[in-house]
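So you can see what is in the structure, the chains are spelled out below.
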Amino acid sequence: MKIAVAGTRGIPDILGGVETHCEELYPRLVKLGCDVTVIRRSCYVTDHLSEYKGVKLKNVYAPRNKTFEAIIHSFLAVATAKKMKADIIHIHSIGPSLMAPFARMLGLKVVVTHHGPDYNRQKWNGIAKFWLKQGERLGVKYANELIVISNVINEIARKKYKRNNAHVIFNGVTSPVKSSGCEYLETWGLKKGNYILAVGRFVPEKGFDLLIEAFSKIERPDLKLVLTGDADHATNYSEELKKQAVSNGTILTGFLSGSKLNEIFTHARLFVLPSTHEGLPIALLEAMSYELDVLVSDIPANKEVKLSDESYFHSEDIIDLCKKLKSKLNKPLSSPVHYNMSLYNWDDIAVQVLNVYKKLNY
């Protein structure tokens, strides 16, 4: 079964939740017998790989422009999938899903994964939001099979578009081998348990500016705030966020992967996710897999993970965020927190996706 994958910036080690999703999923599908090619956006590729863990990699042109990047690349990716005689094209995210009718017109079988209503992201202007909504509509309508990563998104498909046969297949997380070292921490002057960690892209909906402000108000000089991540494209927001971070003593590690990311997760005292918009946040699942205490906004996607009440604060409410931060940090350094991660097993998720493909390749 030959699968072409579109909609992702690429793999491996490229910043983004969809990119992490694809990096975990497709090597497992190769092991299950699929012939998978991930079509990467050329503007993000810094390696010379033609394959990653059995997944074929094909670089296709994309301009480094947040307005036109996804649509131009997605059009070319669909054409590439047709040329390579793929059995199925699997399109990730609603922006690239604008190309679902084009893929069907070319005779391709189409699977769409809806990772979240991106038109709710604060970074998009009115025109971009319009086209993202069209992408959602066309993707849901024209996909032969629709995958959604949360029950919240499934409700969107049912209520807005009357599509009642979507497959709910969650994001996953790999159970980590925790780091025993602190070499990377030491380069930042950090120690085990003396920092709060937040991970993600520097975009308004992640709420990192709110977190920096809240942390500055709780008066804990014994602790540091660490932001791991960066912006895909430099924006006024990302540049102002970095200035705010520096002026408040927040540590900016940049994008991390591998052993450095493992170390920074392993030894954090608390993980915080103050987002106003998510699909099903992989960063939160990663923090839970490291058995960290967590504090997250009470948006529907985060509530779906079903944490304890004390682990949620009212979204965009800095007073409540400060209150909950103080409550968490005033407790003695806690033992590992054990979460039920059975729904988020990548091996099981890969089998579920394979079964979706089999429905189209009978």
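Residues numbered from 1 in each chain as written. Predicted model: local features only at pLDDT ≥ 70, side-chain atom pairs only at ≥ 80, totals over all residues. Heavy atoms only, no water.

Draft legend 1. Local environment of the packing of helix α1 (residues 17-31) against helix α13 (residues 346-360). Axis separation between α1 and α13 bottoms out at 9 Å; the angle between their running directions is 70 degrees. As the angle between them shows, α1 and α13 are arranged roughly perpendicular. The chirality of how α1 crosses α13 is right-handed. Of the residues in α13, those touching α1 at His21, Glu24, Leu25, Tyr26, Arg28 and Leu29 are Trp346, Asp347, Ile349, Ala350, Val353, Leu354 and Tyr357. The residue makeup of the contact of α1 with α13, split by class, is 9 nonpolar, 1 polar and 3 charged. (Axes fitted to C-alpha atoms, helices over the stretch in contact; angles between N-to-C directions. Helix = DSSP H or I, 4+ residues; strand = E, 2+ residues; numbered from the N terminus. Parallel < 35°, antiparallel > 145°, perpendicular 65-115°, else oblique. Left-handed = near helix turned anticlockwise from the far one by under 90°. Contact = heavy atoms within 4.5 Å. Nonpolar A, V, L, I, M, F, W, Y, C, P; charged D, E, K, R; others polar.)

Draft legend 2. Representation of the side chain of Asp293. Within the fold, Asp293 resides in strand β13 (residues 293-297). Residue class for Asp293 comes out buried when judged on its relative accessible area of 15%. In this structure the side chain of Asp293 is engaged in a polar contact, spanning 2.7 Å, whose partner is the side chain of Lys328. (Buried < 20%, exposed > 50% of the residue type's maximum accessible area, 1.4 Å probe, protein only. Polar contact = N/O pair within 3.5 Å; in protein donor to acceptor, adjacent residues only side chain to side chain.)

Draft legend 3. Seen up close, the packing of helix α7 (residues 208-217) against helix α12 (residues 318-329). Where α7 contacts α12, the two axes come as close as 9 Å, and the packing angle between them is 55 degrees. Overall, the two elements α7 and α12 adopt an arrangement that is oblique. The handedness of the crossing between α7 and α12 comes out as right-handed. Residue-level contacts link Leu210, Leu211, Glu213, Ala214, Phe215 and Lys217 of α7 to Ile318, Leu321, Cys322 and Leu325 of α12. Residue classes in the contact of α7 with α12 are distributed as 8 nonpolar, no polar and 2 charged.

Draft legend 4. Geometry of the packing of aromatic side chains. Under the counting rule described, the total for this entry stands at 6 aromatic pairs. Ring centres of Phe202 and Phe208 lie 6.0 Å apart, and the angle between their planes is 85 degrees; this geometry places the pair in the edge-to-face category. The burial state of Phe202 is the same as that of Phe208; both residues are buried. Among the aromatic residues, ring-to-ring pairing joins Phe265, Phe271 and Tyr290 into one connected group. In this structure, Lys303 packs its charged tip against the face of Tyr312, placed 4.6 Å from the ring centre. (Phe/Tyr/Trp six-rings, centres within 6.5 Å; stacked < 30°, edge-to-face > 60°. Lys NZ or Arg CZ within 6 Å of the ring centre and 35° of its normal.)

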